Structure formats: C-alpha cells, structure tokens
Amino acid sequence: SSRVFHPDDIVVKTPHSQIDHQSLTLMAGPCSVESRDHLLKMAEVAKQAGATVLRGGAFKPRTSPYSFQGLGEEGLKYLRKAADAFDLDVVTEVMDEGHVDLVGRYTDIFQIGARNMQNFSLLKAVGKTKLPVMLKRGMSASIDDLLNAAEYIAAGGNQQIILVERGIRTFDNKYNRNTLDVGAVPVLRELTPYPVMVDPSHAAGYHDLVIPEALAGVAAGAAGLIVEIHDNPSQAFSDGPQALLPEDLLVMADKARKIKAVL
Ligand code: PEP
Ligand code: MN
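What counts and what doesn't
- Residues numbered from 1 in each chain as written.
- Chains lettered and ligands numbered in written order.
- Predicted model: local features only at pLDDT ≥ 70, side-chain atom pairs only at ≥ 80, totals over all residues.
- Helix = DSSP H or I, 4+ residues; strand = E, 2+ residues; numbered from the N terminus.
- Expected span 1.5 Å × (residues − 1).
- Buried ≥ 20, exposed ≤ 12 C-beta atoms within 10 Å, placed from the backbone.
- Arc of directions from axis to C-beta.
- Contact = placed C-beta atoms within 7 Å.
- Near = placed C-beta within 6 Å.
- Nonpolar A, V, L, I, M, F, W, Y, C, P; charged D, E, K, R; others polar.
- Axes fitted to C-alpha atoms, helices over the stretch in contact; angles between N-to-C directions.
- Parallel < 35°, antiparallel > 145°, perpendicular 65-115°, else oblique.
- Left-handed = near helix turned anticlockwise from the far one by under 90°.
- Core = buried A, V, L, I, M, F, W, Y, C linked by C-beta atoms within 7 Å.

Caption draft 1: Quick peek at helix α2 (residues 73-85). With 13 residues, α2 should reach 18 Å at 1.5 Å per residue; the first-to-last C-alpha distance of 18 Å fits that figure. Taken together, the buried positions of α2 are Gly 75, Leu 76, Tyr 78, Leu 79, Ala 82 and Ala 83. An end-on view of α2 places all buried positions within 160° of arc, on one side of the element. On its buried face, α2 is in contact with α1 (36-48), β4 (53-55), β5 (89-93) and α3 (100-104). Looking one or two places after α2, you find Asp 87, whose phi comes out positive at around 55°.

The following block contains the structure:
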C-alpha cells in the first residue's frame, strides 16, 4: 500500500463515481436506513447536492446493544432501490465477515467502520472481493494502524481502497464528538496511493460544526466528503445531532466545490 511500490495514485471506480484527488466526490445520506420512503427522500436530496454516492447503515455498530441496530437486509434493499432511482452508488457498512456476500449483493462500496478497522478477518474477507472498500480510521488508531489495516485488504488482491479520516479521540472531546485530524489528510496522501476522504459528521458530532470541518478537510486535500443528512434530525434513528438539514447540505456542497476549485 506504500507510495514506494505505487508511485501513481489509485483511482477508485464505481458505476457512477470516480474517486480521486482530481475531483471532489460527495457521499451523503442518513446515518441509518430508516424506511423506504425516508431513504428515497434523502437520496433525492443527495442527488440535488451533486452527490454520486448514497450512504446509509443497514447494519449499525451502536455503542449500546439496546440502541437501534439497523434494518438488515431489508435496509440493503431500500438502499439499492433508492440509489438506482437517482443513478447513485451505494456505500454501506459491513460489520461481520459472514455478511460480506450478503452486503456485496446490494452495495457498490463496502464501508468498514471505525470500530472494525482492526477486525482482521473482516478486512481479509473484503480484500478477497472485487468491490471498493471505504476504510474508516479507528477512533484511537494511529496513521500507521490505518495503513496496516489497508494493507490487510490490499494483500488479498483488492486495491480499490478509500481511506477516511473521521475524527479521533483526544484529550478534549467535549465540544467535538471526535477531533478531526486534518493533518492526517496530507500525510496519508504522501504515504499511500489511495484516495483520502473526510467524514466531518462523525468528527464534529454536532451539525453546526459539520460544514466548517468539511471545508477544512477539502482545503487539506481530501478527495471527497461523506456526510450524514436528515430532514427531521430530532427524530433520526441514530446520530441526529450531527445530521445536516437538506438545505445545509446544498450550502456545504457549494462551498466545498469553490474551495476545491482554487487548490
Ligand atoms: C457511520 O458511518 O454511521 C459510522 C458508524 O461511522 P464510524 O464507523 O466512523 O463511527
Ligand atoms: Mn452515523
């Protein structure tokens, strides 16, 4: 996975997206897939903002076992239908090695969540597939930990990897849910050939911080943004406080493109 062996950038290709540092890829959608109709609404919003990938969790890694765990395969079906209705790709989390085949039947990109960044059997399993893998940095993972996790995927033969900085735990996570490690973006770009994206939603944790952190990520050289949206955040099944309203997503996307254009 090192630049030493891969001097050229690796471009990640999906049916509707080309994820690389020449462009700015937008992925948007709710934290969790909640219902068929809600997801269709959110897919329409994502499309309007210029997103090419619809996000949404059908298998949710919740901190508490009593929180909503996701709709499972039903959610995957809604994702596929909503994405197809608007010519979008799907990115969704696979949490378990045993679900790789199932999730792979519906998604265009596997998401490996922060909590599973070092689930090595899961990394090996997605490394044997041909689908792109969006690998999120663990909340307490060093950059080298992330690189080694990516290596587990690449070693299986799959180099269609996207790295995501989504905020890490630091001494002060009172006002930000996690601390966006903006500096990780240029470091990862130097060290690896993979596109590096930023998830300002899980870094910030609060909607009013999401746009500035997204823009900081773009300014630092991110190849794209993955952002959570909701039309009624107080009723969201998960991560409501960090969800951008539809109109805010449009504002964010517009500003992000302006920043990208001057880099
Ligand atoms: C998510 O994308 O909703 C998610 C759970 O992200 P992370 O793994 O970064 O916490
Ligand atoms: Mn979330």
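Caption draft 2: Molecular detail of the site of ligand 1. Around ligand 1 sit Cys 31, Gly 57, Pro 61, Gly 113, Ala 114, Arg 115, Lys 136, Arg 166 and His 202, and that is every residue in its neighbourhood. Looking at side-chain class alone, the shell around ligand 1 contains 3 nonpolar, 3 polar and 3 charged residues.

Caption draft 3: Region of the structure containing the packing of helix α4 (residues 120-127) against helix α5 (residues 143-155). As a packed pair, α4 and α5 sit with axes 7 Å apart at the nearest point and diverge in direction by 40°. It follows from the interaxial angle that α4 and α5 lie oblique. For α4 against α5, the interelement crossing comes out right-handed. For the pair α4 and α5, the contacting residues are Phe 120, Leu 123, Lys 124, Val 126 and Gly 127 in the first and Ala 149, Tyr 152, Ile 153, Ala 154 and Ala 155 in the second. Partitioning the contact of α4 with α5 into residue classes produces 8 nonpolar, 1 polar and 1 charged.

Caption draft 4: Fine view of the packing of helix α8 (residues 207-219) against helix α9 (residues 246-262). Packing of α8 against α9 leaves a shortest axis separation of 9 Å and a crossing angle of 25°. One finds that α8 runs roughly parallel with respect to α9. Between α8 and α9 lies a crossing whose hand is right-handed. Along its contact with α8, which presents Ile 211, Ala 214, Leu 215, Val 218 and Ala 219, the element α9 presents Asp 248, Val 251, Met 252, Lys 255, Ala 256, Ile 259 and Lys 260. For the contact of α8 with α9, a count of residues per class yields 9 nonpolar, no polar and 3 charged.

Caption draft 5: Just the nonpolar core, in detail. In this structure, Leu 79, Leu 135, Ile 162, Leu 163, Ala 214, Leu 225 and Val 227 are the most contacted members of the largest nonpolar core, which totals 83 residues. At 6 residues, the largest contribution of residues to this core is made by α5. Filtering out sequence-adjacent residues up to four positions away, Leu 135 remains in contact with Ile 112, Met 117, Ala 149, Ala 150, Ile 153, Ile 161, Ile 162, Leu 163 and Val 164.

Caption draft 6: Just helix α6 (residues 184-191), in detail. Taken as a whole, α6 has its buried residues at Ala 184, Val 185, Leu 188 and Arg 189. Projected down its long axis, α6 shows its buried positions confined to an angular sector of 135°, all on one face. Looking at the buried side of α6, the elements it contacts are α5, β8 (161-165), β9 (196-198) and α8.

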